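Overview (structure and organization)
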Amino acid sequence: MAAAGHGSPSSSLPRRDPPRPPRDGYGVYVYPNSFFRYEGEWKGGKKHGRGKLLFKDGGYYEGEFTDGEITGEGCRIWASSGNTYSGQFVLGEPQGRGVMTYRAGGCYEGELSHGVREGYGRLVDRDGQAYWGWFHDNQRHGQGHMVFRNGDEYEGDWVRDQRQGHGVLCCADGSTYEGQWHGDVFSGLGRMTLCSGAVYHGMWINGHPAAQARRMVILGPEVMDVAQGSSFDLNVQLQQDSGEVAESEDGRVLQISAGVRYVQLAAYSEVSFFKVDKDNPETFQTPFGFECIAYPLWSPKSGALEPRAALESARGDPLLPRGDREPSDTSRGQRDIPSGPP
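Quick look at the structure, then. Keep in mind that what you see is a predicted model, and the values were worked out from it rather than measured.

Where strand β6 (residues 84-90) lies against strand β7 (residues 93-101), six bridges are found, and the strand directions are antiparallel. Directly across from Y85, in β7, lies its bridge partner M100. Here β6 folds back onto β7 in antiparallel fashion, the turn holding two residues, of which L91 has a positive phi close to 55 degrees. Taken together, the six bridges between β7 and strand β8 (residues 106-113) define a ladder with antiparallel strand orientation. Bridge pairing in β8 links V99 to E109. Connecting β7 to the next strand, β8, in antiparallel fashion are four residues, including G105 with a positive phi near 120 degrees.

Have a look at this one:
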């Protein structure tokens, strides 16, 4: 009679239980999935106290643990991004105050929630531009101050990483803008003061003045009779393309270049507007292409007429030789005006 068969060899081997984490004190534990490895303090079989949790991808956390969770002060390095955070943690996420350093450049110091910038903080990007103010959902949002790479500074409202609301921009060249913003550009009522002193105060649309002056117009006659030594007034107006007065601008500096046409009178003429100093025959070119001669007028020794008297005398005498005037009977007794701009 055959003997009873025995069980299979595999059933006779003792079953090995997975290693258990330490109960209390200091210990090392490798998790069953082998992705985590913990070295540090334990309490009641949970990570509690100071310790270091290593990840298989090369990242790690080192700091405080509470009841088995990453909670407290610590430092976290992400192998995938290369970013480093040092500060407060809650349930494994950066939360509270801390410093985040980015591998691409720049850093953030301030408040965080669930790993993103939330609250008040200071951000410096890789180009050296700095912002300190309020954040929401990892973006500049609320009141803030920004210093740009080109030296410009902005202080005011932000909405989702863009200047929006009321703000003041101080440019590196000395120009300033104070007013409304939308979509990161001037939009609404605002005042721009340029470094030249020109000022525009009015509405802005997509970063451009709504009623900007396009041209300067000098009101009055095209030709003016001005005697040497006497003053005269000019009325200058800033106009839009439509011809309407641009009332939103002021402070512009007007530079006027005046040209004088030198007219050689006939030898027999008794009228002389110019007394040329022959010892100093300096000439210079004007913007109109006329040749100007530097001269003193009506010196006490010359015996010439006073400026006003000379002008009155000239009104009855011809300024040009007979051959240079138009052959018209009505021109007798009238003054001839040289051609060309004044």
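Having seen it, we continue.
Topologically, S175 is positioned in the loop between β13 (162-170) and β14 (176-182). At a separation of 3.0 Å, a polar atom in the side chain of S175 contacts the main-chain amide nitrogen of C195. Ignoring anything within four residues of it in the chain, the contact list for S175 reads L169, C170, T193, L194 and C195.

Let us now look at the pattern of salt bridges. The tally for this structure, following the rule as stated, stands at four salt bridges. R37 serves as the salt-bridge partner of E39, at 1.9 Å between the closest nitrogen and oxygen. Judged by relative accessible area, which is 25%, E39 ranks as partly exposed. With a shortest N-O distance of 2.8 Å, D184 and R163 are connected by a salt bridge. Within this pair, whereas D184 is found in the loop between β14 and β15 (185-193), its partner R163 is found in strand β13, the two being separated by 21 residues in sequence.

Moving on: a nonpolar patch on the surface. On the surface, M216, I218, M224, V226, F232, L234, V236, L254 and I256 cluster together into a nonpolar patch covering about 720 Å² of accessible area. Tracing the chain through its elements places V236 in strand β19 (residues 235-239). On the basis of relative accessibility, which here comes to 33%, the residue V236 falls in the partly exposed class.

Scanning the model with the defined rule gives 23 aromatic pairs in all. Judged by centre distance (5.5 Å) and plane angle (75 degrees), the rings of F36 and F55 are edge-to-face. With F36 in strand β2 (residues 36-43) and F55 in strand β3 (residues 46-55), this residue pair connects regions lying 19 residues apart in the sequence. Judged by relative accessible area, which is 26%, F36 ranks as partly exposed. A relative accessible area of 14% means that F55 is categorised as buried. What links up through ring pairs into an aromatic cluster is the set Y29, Y31, F35, F36, Y38, W42, F55, Y61, F65, Y85 and F89.

Bringing the nonpolar core into the picture now. Core analysis: the largest hydrophobic core is formed by 28 residues, its most contacted members being Y177 and F186. Apart from the residues lying within four places of it in its own chain, the contact partners of Y177 are G167, V168, L169, F186, S187, L189, G190, R191, M192 and W204.

What follows covers the side chain of Q129. Looking at where Q129 falls in the secondary structure, it is placed in the loop between β9 (116-125) and β10 (130-136). Of note is the side chain of Q129, whose polar atom sits 3.2 Å from the backbone nitrogen of R149. Here Q129 is in contact with L123, V124, M146, V147, F148 and R149, once residues within four sequence places are set aside.

Turning next to unusual backbone geometry. Even without being a glycine, R160 presents a positive backbone phi close to 50 degrees. Within the secondary structure layout, R160 lies in the loop between β12 (153-159) and β13. The backbone phi angle of D161 is positive, close to 75 degrees, even though this residue is not glycine. Tracing the backbone through its elements, the reader meets D161 in the loop between β12 and β13.

What counts and what doesn't
Residues numbered from 1 in each chain as written. Predicted model: local features only at pLDDT ≥ 70, side-chain atom pairs only at ≥ 80, totals over all residues. Heavy atoms only, no water. Pairing = 2+ DSSP bridges. Helix = DSSP H or I, 4+ residues; strand = E, 2+ residues; numbered from the N terminus. Polar contact = N/O pair within 3.5 Å; in protein donor to acceptor, adjacent residues only side chain to side chain. Contact = heavy atoms within 4.5 Å. Salt bridge = Lys/Arg side-chain N within 4 Å of Asp/Glu carboxyl O. Buried < 20%, exposed > 50% of the residue type's maximum accessible area, 1.4 Å probe, protein only. Patch = residues over 30% accessible without salt bridge, like charges linked within 9 Å, V, L, I, M, F, W, Y side chains within 5 Å. Areas by Shrake-Rupley, 256 points an atom, 1.4 Å probe, with all protein chains shown as cover. Phe/Tyr/Trp six-rings, centres within 6.5 Å; stacked < 30°, edge-to-face > 60°. Core = buried A, V, L, I, M, F, W, Y, C linked by side-chain atoms within 4.5 Å.

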